[in-house]
Amino acid sequence: MSVTPCDARPLADDQNLHDFLQTCQEKCQASNQRLIVSITQAIFAVEPLTILQQFTTDQERVFYWENQQQNSAISAWGSCIEKKIISADRFQQTEDFINEYRDSILETGDTSLPEVGAKFLTNLTFFEAASLSSLLPSVTIFIPKWQITRSHQSCFLTYNCFLSPTVNIIEIKETIKKQMQKIETFSQSSIRFYFPQISSFTNQLEKAALNKRHPFEKAVKLALEDIQQQKLTKIVLSHHLDVVASLPFDPFLSLNYLRQKYPDCYIFLVGDGQGNNFIGATPERLFSLRKQTLISDALAGSAARGKNSIEDEKLAQTLLSSEKERREHNAVSSYIIQQLKQLGLTPEASRRQLLKLNNIQHLWTVIKAEVPTEINPIEIVAKLHPTPAVAGVPTAIACEKIREYETFDRAFYAAPIGWLDGKGNAEFMVGIRSAMIQKNQARLYAGAGIVAGSNPKKELAEIQLKLQAMLKALRS
Ligand SMILES: C=C(O[C@H]1C=CC=C(C(=O)O)[C@@H]1O)C(=O)O
């Protein structure tokens, strides 16, 4: 990726932009290959989620990512280039795709903030080979056509397009200017979020929620037998809940609810332009990478939140001192540390602490490591996924048992979703606390870690607590 130093507002100076595009086109002609130009410009303050809701159609690929803790959000739509990987060797193929295109991106504008500028956006299925019936690619990776980024109080528009030796530069300039104007007109006219209120799902959702009890408890009991027979020490079993509504679900409405209700979570949406919209609010960061510093979260071991501060503190203390919860948690932190060491890194772990979300609290360890530039972020994804927060120990046996005991395909549930750029920045989260929406149907997912001493009824209560959160979001 090469960055051309330029005015922070390349579009403000028509000649500047023209010169940049012309230089890029000359490079295309000289090398006789297509290049990707990426133009970024600071814009008025906008809400990226509202822009996504207003500016996309059902037929377009969409991506939304929000790190609320860091006050940054990316919304992206359309596709400049994309690849869907269905065969084995998905991580290698993803790296090859990135390597093929990374050096053909010519960037201009202010891209000094890590979330701003050209990005590869990607999401995976949990298993390398998703079930045939799901027809989902095991990796989808793309550079969007349009991207809005909010980083703290600043907002940016990025346009990415292919430039061939013969493409009309004037048309490119016009396309960007028109979109800028549309966004600015819209941002001035809508100061606050506007989302329609829909309320007619309640009864159907609740009825569906009651039906799906026993398969999960049964699976937990079988897993506990495996643990007793020392086939494995931990397994994360999940459950799905299918709901049907009388009207199509609105993923944007649900996301808006989730972002308000779960300020400590990542908020995400991946839409494939064919009616599949995967949404969620996850507390779990697989890793972030900035200026060669990697941060990963080990998050496992859970308790409900109390109805008042005294009850909450009691639950927190029980969670912190429980030997069983600690085992469940340590399986994750030890695994992350071991996998990072295998990459030649020297990880350091924080003290075990609590992460308190609105509906649940977790044991939490933050793991940090310095990463040399030669390591591609996709190598780190391949090394870490799936952690024992979503699979188990040992990983391969846990995955085998998950396939045996779970009666549905995990699809995107508990799989990595994130972005990376050509400058060494990346951020991946784990797609738990999520739902796949297809028009008026939704499949909700939640899982819980099982170790020796787990109680099937309590584990069922935990996943119901998690499912409730998503049910409420769909109903919002
Ligand atoms: C697999 C899920 O949660 C994981 C993350 C945090 C705590 C967990 C637990 O305590 O069981 C799970 O390992 C899920 O919510 O679907």
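Looking at an unreviewed UniProt entry, one finds the protein chain named isochorismate synthase and attributed to Dactylococcopsis salina. Within the UniProt record for the protein chain, the comment given under Catalytic activity (unreviewed entry) is "chorismate = isochorismate". Quoted straight from UniProt, the Sequence similarities (unreviewed entry) entry for the protein chain says "Belongs to the isochorismate synthase family."

J.: What should I look at first to understand the overall build of the protein chain in this one?
T.: Secondary structure assignment for the protein chain yields twelve helices and 23 strands. The C-alpha radius of gyration of the protein chain comes to 23 Å, within 12% of the 23 Å expected for a compact globule of 476 residues. Seen through its principal axes, the protein chain has C-alpha atoms that stretch 70 × 55 × 45 Å. Across the 476 residues that make up the protein chain, the buried fraction comes to 59%. Partitioning the intrachain contacts of the protein chain with sequence separation of at least 6 by distance along the chain shows that 75% fall at a separation of at least 24.

J.: How should I be thinking about the state of the cysteines in this particular structure?
T.: One covalent bond between the sulfur atoms of two cysteine residues makes up a disulfide. Applying the stated criterion across every chain, the model contains zero disulfides. Cys 28 forms no disulfide, and the closest cysteine sulfur to it belongs to Cys 24, at a distance of 7.5 Å. By relative accessible area, Cys 28 is classed as buried at 0%. No disulfide involves Cys 80; its sulfur sits 6.6 Å from the nearest other cysteine sulfur, which is in Cys 161. Under the relative-accessibility criterion, Cys 80 is labelled buried at 14%.

J.: How do you make sense of the pairing of strand S17 (residues 353–356) when you look at a structure like this?
T.: Regular strands place side chains that alternate from one sheet face to the opposite one. With four bridges connecting them, S17 and strand S18 (residues 360–370) associate as antiparallel partners. Across the sheet, residue Leu 355 finds its bridge partner in S18, namely His 362.

J.: Please explain the environment of Pro 165 as it appears in this structure.
T.: Mapping Pro 165 onto the fold places it in the loop between strand S10 (154–163) and helix H4 (169–189). Assessed through its relative accessible area of 24%, Pro 165 is described here as partly exposed. Once the C-alpha coordinates of Pro 165 and Gln 29 are considered, the two residues, 136 residues apart in sequence, prove to be 5.0 Å apart.

J.: What's the story with the packing of aromatic side chains in this structure? I'm lost.
T.: By convention here, two paired aromatic rings are described through the distance between centres and the angle between planes. Tallied over the full model, the rule gives 15 aromatic pairs. Ring geometry for Phe 97 versus Tyr 101: centroids 5.1 Å apart, planes at 55°, classification tilted. With Phe 97 and Tyr 101 both in helix H3 (residues 90–102) and four residues apart, the pair spans about one turn of that helix. The exposure classification of Phe 97 matches that of Tyr 101, with both residues buried. With centroids separated by 5.3 Å and ring planes inclined at 15°, the aromatic side chains of Tyr 413 and Tyr 445 adopt a geometry described as stacked.

J.: How do you make sense of the site of the ligand when you look at a structure like this?
T.: The local shell around the ligand holds 18 residues, among which Ser 302, Ala 389, Tyr 413, Arg 433 and Gly 447 are the closest. In the environment of the ligand, an oxygen atom lies 2.5 Å from a nitrogen or oxygen atom belonging to the side chain of Tyr 413. Its free accessible area being 390 Å², the ligand has 100% of it covered by the protein chains. With respect to the detected pockets, the ligand is housed in the largest cavity. When contributions to the shell around the ligand are tallied by element, the ones reaching two or more residues are strand S15 (293–304), strand S23 (441–451) and helix H12 (456–475).

J.: Sorry if this is basic, but what is going on with a negative patch on the surface here?
T.: Taken together, the side chains of Asp 89, Asp 96, Glu 100 and Glu 128 define an acidic patch exposed on the protein surface. The class for Asp 96 is partly exposed, based on a relative accessible area of 41%.

J.: Explain the nonpolar core here, please?
T.: One broad rule of soluble globular proteins: the nonpolar side chains tend to lie buried together. Core analysis: the biggest nonpolar cluster contains 148 residues, and Phe 120, Leu 237, Phe 287, Leu 340, Ile 380 and Leu 444 have the highest contact counts within it. Summarising the domain contributions, this core has at least three residues from each of domain 1 (2–189) and domain 2 (202–475). Sequence-distant contacts of Leu 340, defined by excluding residues within four places in its chain, comprise Leu 294, Leu 345, Pro 347, Ile 367, Ile 380 and Leu 384.

J.: Where do I start with the domain arrangement of the protein chain in this structure?
T.: For interface size, the figure often reported is the accessible area lost on association. Domain boundaries assigned for the protein chain yield domain 1 (2–189) and domain 2 (202–475). One C-alpha centre belongs to domain 1, the other to domain 2, and the line joining them spans 28 Å. Counting residues at the interface gives 50 residues for domain 1 and 53 residues for domain 2. Overall, the association of domain 1 and domain 2 removes approximately 4100 Å² of surface from exposure, summing both partners, and the carbon and sulfur fraction of that is 58%. Among the residues of domain 1 in contact with domain 2, Gln 68, Phe 126 and Phe 127 are the three that bury the most area, contributing 18% of the side total. Along the contact surface separating domain 1 from domain 2 lie five salt bridges. One salt bridge connects Lys 119 with Asp 421, and the closest N-O pair in it is separated by 3.9 Å. There are 18 residue pairs in polar contact (both at pLDDT 80 or more) connecting domain 1 and domain 2. Of all the secondary structure elements, the ones that give two or more residues to the side of domain 1 that touches domain 2 are helix H2 (48–55), strand S3 (62–67), H3 and strand S7 (120–124). Broken down by element, the side of domain 1 that touches domain 2 gets its largest block of residues, seven residues, from H3.

J.: Looking at this structure, I do not really get the UniProt feature "domain: Chorismate-utilising enzyme C-terminal" (unreviewed entry) in the protein chain. What am I missing?
T.: UniProt's entry tags residues 214–466 with the feature "domain: Chorismate-utilising enzyme C-terminal" (unreviewed entry), counted in the numbering of this structure. Across residues 214–466, helical content stands at 35% and strand content at 34%; the span's end C-alpha atoms are separated by 17 Å.

What counts and what doesn't
Residues numbered from 1 in each chain as written. Predicted model: local features only at pLDDT ≥ 70, side-chain atom pairs only at ≥ 80, totals over all residues. Heavy atoms only, no water. UniProt positions renumbered as here; feature names shortened; annotations may be inferred. Helix = DSSP H or I, 4+ residues; strand = E, 2+ residues; numbered from the N terminus. Rg over C-alpha atoms; globule rule 2.2 N^0.38 Å. Buried < 20%, exposed > 50% of the residue type's maximum accessible area, 1.4 Å probe, protein only. Contact = heavy atoms within 4.5 Å. Disulfide = S-S within 2.5 Å. Pairing = 2+ DSSP bridges. Phe/Tyr/Trp six-rings, centres within 6.5 Å; stacked < 30°, edge-to-face > 60°. Near = heavy atom within 4 Å. Polar contact = N/O pair within 3.5 Å; in protein donor to acceptor, adjacent residues only side chain to side chain. Areas by Shrake-Rupley, 256 points an atom, 1.4 Å probe, with all protein chains shown as cover. 1 Å grid on protein atoms, 1.4 Å probe; cavity = no way out; pocket = protein on both sides within 12 Å on 5 of 7 lines; lining within 4 Å. Sits in = over half its atoms within 2 Å of the grid points. Patch = residues over 30% accessible without salt bridge, like charges linked within 9 Å, V, L, I, M, F, W, Y side chains within 5 Å. Salt bridge = Lys/Arg side-chain N within 4 Å of Asp/Glu carboxyl O. Lys, Arg positive; Asp, Glu negative; His and termini not counted. Charge placed at Lys NZ, Arg CZ, Asp CG, Glu CD. Core = buried A, V, L, I, M, F, W, Y, C linked by side-chain atoms within 4.5 Å. Domains from an automatic or database assignment. Buried area = accessible area lost by both parts, 1.4 Å probe.

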